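Observations on the three-dimensional arrangement
Now for the letters of each chain:
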Amino acid sequence: MNLRTVLFYVCAASFLAVGLKELLTGFEDNRCSMTYMFEYPQYLRVPLPRRVARLYPAYGLYLYGEGRYAQETRELHLFGVPLLFLPGNAGSYKQARSLGSVALRKAERMEGGLHFNVFTVDFNEELVALYGGSLLRQTHFLHESIKAILKLYKHLKTPPQSVALVGHSMGGVVARALFTLPHFNTKLVSLIITQASPHVAPVLAMDPYLLDFYSSVSQKWLKQANKLKNITILSVGGGYRDYQVRSGLTCLPSSPPEDPNKLSVVVTAVPRTWVSTDHLSIVWCKELVLATVRAIFDLIDPESRQLTEDPEKRMSVLNQHFLPHSIPMLGDREEISITVADAAQVWSEVNTLRLTYSTTKEIEVRYFLFALASRRKAYSHFYCRSSNLDKSSWVYGCTHRNASSCRNIFLHSLHAVDLSKGTELLPPYKVLRLSVSDLSSFTHLVVSASNLNGKRFMVECEWQRQKSVTLSVPVPHVLSFGWTVSDITINLTGLLHTIELQHFHQVYQAFRISVVSQCKAQKDRLPSVYRIKVPWFLEDSLTTASVPSVTEISGMLHTCSPDNVSSVHLQLHTAPNCQYKVSVRTSLPMVLGQVLRFFGPMVPMYTSVTLLLACGVQLCSLLTSRRPAATHLLLCQSFQPHKVNLPVYFIHVILSCKWAKDVWSLLGLPPMDVAPPTFPNETVNEGMTAALEWPHLLHPLLYIFGAAVAFWGSTLLTVITRLMSFILAVLHRPSVSSECGTLQLRTQLLVTLLLTVVGGTCCGALSIIAAFLLHLYRVLRLQMTERYLSHILNLVPQKHKGNAHSSKAKECNGTRALLSELALQEARDDLQLHLTLCALFTVPVMLSTPSLLHWIRNLRYSSQLDPDPCWPYFVPVILAYMLLISAKASKLSNSKLLNLTSFLPLPVSIAMVTFSPLHLYRVTYFLLVVLIPLALCCLL
């Protein structure tokens, strides 16, 4: 093998490994606190109607309880608010214990006995993220469960009319799918909270049922948005720790401002949470569970003792608990009265541009007064922060009609308007930034620094000019590989600075941002907070750093900018009288991690393309030289990204014209699959028209990754077959014929018929895998034959030398050597051919494995997989596998169909890249276009 080829695939595998390492480990440590149960958790099974139990024997409904509460609810005599938890892909119904336990503890401190009854659904831990055939069944069972839950409250005078849903992963998608059912009453569900649920598109499109399910859900919510506008939905993404479901997929397609009742946010931006969670820890992360429980308790109407029916109230509560801050409307401003005992000591008028005040340990009442008249023209904003994280009001405004009371600081009473509702919580302090232009009706600002609980805190305020605290710096190009650095130094002494990272708006961009802070005087200061703020999506990330310090920040995106104009902002809440230097450098490992995060599902498709082109090169070798080539040489010669990607790119350019689109639609061709959606409003059925905005090196890079997987995967397959052949040699006597492992025509027909019956009555994937194993047995027998004949051939020269005195012995040994060489060559040719086919055969096996796992998991409930995603193609796949088991290189080279078959792999590969990136299950259909003619070559 060429050394340069080996080095190329070593480098390609190294880049792939670096990207995978960054994707799987390149994030912050898990800073979530574990949620512990105070008492032993219990799950009381809720009886369902016989019809429901008979239709869904694998599913169940449970009520969560602990200790005394579990004993009190054993008879299902309930008085609380119903809340239903839905597990996701391979999820357990017992995952509801974190939410249920915290809700029980919260209810103990509530007056009037307000509490939640937490139910949970058992979906038998089905792999619905890979097999979509059960999603509709789960949706129907969820509908029956909701009706069964509401029947438990019929004894109440005012029973609940709806059930709140909390769905994890695919459970959140199933919750939204409820509204696609023809007879579903939309009033049964008014609140849905989803955690790490891929609403935009499935992570992997392994079968058509999954995509059909997503399509029906999306069309329902988009076409009937007006009818469903009263349904409040909150979607929470897990951040970069969740590499299974990237947070860009968790954004609701109908998010604000299109639909004010839908809210999407990443957990790193949730107040008092500020941590990234992996796909499982988002269920038990204490910080997020507390925020969720606080929100749902605030949603209870004290009069009806059930969830409020006012959608505006629901969104207001969710905004309060899950948004960094909620901007108040003008009508929300409330006038309050502040009364003090000794005005001379309590009030202080501030005439400087900045205030820094530290409270004492003693309880005290303190207010600072800022005049607006002298600052209106010179300054644009008023910024204030306090390390007292209490949610009480702390900034007020004096109106014109009580201006005299604001100017007289010795009065015992002050009438002011509360301006604190726009306060934003950051990890070390709360901040408030007011625009001076919005304060035209006020004459003074009042900042409260009252220490009412004896705990010390610090208050810092200043007047700001927007232009002086806003800077911009262009980010380095993504292909600068870290050699180019963009830096900026902040010498101003302000408390807040915003740096616009120009041209940072694509998901494939990734940067290492270094912030170095230096201060002249050493004194106690509030820590600095560095916040990456994304204008188009609530995916902010915050980093807290002491002063002075050197801090590294990862700059990445979950979604790309919808207009390709908006840029990311780096917000620095800084310490006064300190210098900050910010450096931005492209990180190649992070770029590779982002590529795999967004486009990793396309790598299996490019691996299939490489194996298919390798098969095409093998057929050309049989056609020209009458002999197959070695597998590693095939993979080297089949590396042709220009022949695959350039036609696809050309087709995409042509389809940008209207006439080409019309012709395309007249031909009945599906939309092109070019790139996965990177913004919430994109869908898998829109053709991804924004793909031209991606760098031209993206698809060749994915091709290289797929080729590396194919090369080293084939190498691994060769090694495994050699090792397994040694084990099989213990059970089989060695053979000198390359016909070993083949099946006679009659046996082929019987086995094919048997596998067809098994696939039709049980599971199509089972038949495909069984046929693959039969072919693998053929490869192992050829490996044994090749090794045995090589051993014989090595021994013949020694016998010939020992019998040199006999001419008859020479002639006999010479003939034996010639026959052994011919048999060895034939065995090696057949082995190389079948190794190539075996590598290609693994693709349908891998794609059908999820349905097989689902069938095995549900085997005790049903012996037949329904629906079966393999039913359209499992019979042709079995026929192709069974015919090719007996394929011989010498016969294939003389086939009349070989010339036509050798021409097919390249156009089929182009079609595969055109139509399969977002529909991975289509790969098998494209492979059959080549495998069926190849199988016919064995007959003609």
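Right above here is the structure, for reference.
About the criteria used
Residues numbered from 1 in each chain as written. Predicted model: local features only at pLDDT ≥ 70, side-chain atom pairs only at ≥ 80, totals over all residues. Heavy atoms only, no water. Pairing = 2+ DSSP bridges. Helix = DSSP H or I, 4+ residues; strand = E, 2+ residues; numbered from the N terminus. Core = buried A, V, L, I, M, F, W, Y, C linked by side-chain atoms within 4.5 Å. Buried < 20%, exposed > 50% of the residue type's maximum accessible area, 1.4 Å probe, protein only. Contact = heavy atoms within 4.5 Å. 1 Å grid on protein atoms, 1.4 Å probe; cavity = no way out; pocket = protein on both sides within 12 Å on 5 of 7 lines; lining within 4 Å. Points joined across faces, edges and corners; volume = space filled by probe spheres on them. Expected span 1.5 Å × (residues − 1). Phe/Tyr/Trp six-rings, centres within 6.5 Å; stacked < 30°, edge-to-face > 60°. Lys NZ or Arg CZ within 6 Å of the ring centre and 35° of its normal. Salt bridge = Lys/Arg side-chain N within 4 Å of Asp/Glu carboxyl O. Axes fitted to C-alpha atoms, helices over the stretch in contact; angles between N-to-C directions. Disulfide = S-S within 2.5 Å.

What the five strands build is an open sheet, ordered β13-β21-β15-β19-β18; its pairing is antiparallel. Each having just a single partner strand, β13 (354-358) and β18 (424-425) make up the two edges of the open sheet. By the bridge criterion, six bridges tie strand β15 (residues 381-386) to strand β21 (residues 458-464) in an arrangement that is antiparallel. Residue pairing across strands places F382 opposite W463, the latter belonging to β21.

Next up on the list: the nonpolar core. Membership of the largest hydrophobic core comes to 137 residues, with the highest contact counts inside it found for I499, L501, I513, V582 and Y881. Looking at this core element by element, the count peaks at 13 residues for helix α22 (residues 807-857). Ignoring sequence-local partners within four residues, the contact set of Y881 consists of I768, A771, F772, F841, P844, V845 and L931. One finds F116, V121, F141 and L234 within the second-largest nonpolar core, a separate group that totals 95 residues.

On inspection of all chains with the given rule, the structure shows six cavities of 30 Å³ or more. For the largest cavity, the calculated volume is near 60 Å³. Every residue along the wall of the largest cavity is listed here: F85, Q95, L99, V166, Q195, V283, L288, V289 and T292. In terms of residue count, the dominant contributor to the lining of the largest cavity is helix α9 (residues 286-298) (three residues).

All right, on to helix α7 (residues 208-223) then. A rise of 1.5 Å per residue sets the reference length of α7, with its 16 residues, at 22 Å; its end C-alpha atoms lie 22 Å apart and thus fit the reference within 8%. Among the residues making up α7, those that are buried are L210, L211, F213, Y214, S215, V217, S218 and W221. Tucked into the core, α7 has its buried residues touching α5 (135-151), α6 (170-177), β7 (232-237) and β8 (262-266).

Considering all chains together, one arrives at 29 aromatic pairs under this definition. With centroids separated by 5.2 Å and ring planes inclined at 75°, the aromatic side chains of F8 and Y9 adopt a geometry described as edge-to-face. Among the aromatic residues, ring-to-ring pairing joins F8, Y9, Y606, F639, Y703, F711 and W712 into one connected group. For R787, the ring lying beneath its charged end belongs to F726, and the centroid distance is 4.0 Å.

It is worth spelling out the pattern of salt bridges at this point. Two side chains with opposite charge may pair up if their charged atoms get near one another. Tallied over the entire structure, the rule returns 20 salt bridges. For the salt bridge of E66 with R105, the shortest nitrogen-to-oxygen distance reads 3.0 Å. Of this pair, E66 sits in strand β2 (residues 60-66) while R105 sits in helix α4 (residues 97-108); the two residues are 39 residues apart in sequence, bridging distant segments of the chain. The same class applies to E66 and to R105, which are both buried. Taking relative accessible area as the criterion, R105 reaches 12% and is therefore assigned buried. A network of salt bridges, in which partner residues are shared, links E39, E66, R105 and E108.

Whether parallel or antiparallel, the strands of a sheet pair through hydrogen bonds between backbone atoms. The mixed open sheet is built from eight strands, whose spatial order is β1-β2-β4-β3-β5-β6-β7-β8. On the outer flanks of this sheet lie β1 (41-45) and β8, each paired with one strand and no other. Within this sheet the neighbouring strands show an average axis-to-axis angle of 25°, counted without direction. On top of the sheet, α4 reaches β1, β2, β3 (81-86), β4 (116-122) and β5 (164-168); it is set at about 40° to β2, its chief contact. Sitting on the sheet, α9 touches β3, β4, β6 (191-195) and β7, and the angle it makes with β6 is about 175°.

We now examine α5. Note: α-helices contain 3.6 residues per turn, so residues at a spacing of three or four share the same orientation. In a regular helix each residue adds 1.5 Å, so 17 residues correspond to 24 Å; α5 covers 25 Å between its end C-alpha atoms and thus fits that length. Buried residues dominate α5, accounting for twelve of its 17 residues. All buried positions along α5 are accounted for by L135, Q138, T139, F141, L142, H143, E144, S145, I146, A148, I149 and L150.

Under the counting rule described, the total for this entry stands at three disulfides. What pairs with C32 in a disulfide is C285, and their sulfur atoms sit 2.2 Å apart. Between C32 and C285, the disulfide has an S-S torsion of -85° and is therefore left-handed. Residue C32 is found in the loop between α1 (3-25) and β1, and its partner C285 is found in the loop between α8 (281-284) and α9; the two are separated by 253 residues along the sequence. One exposure class covers both C32 and C285, and it is buried.

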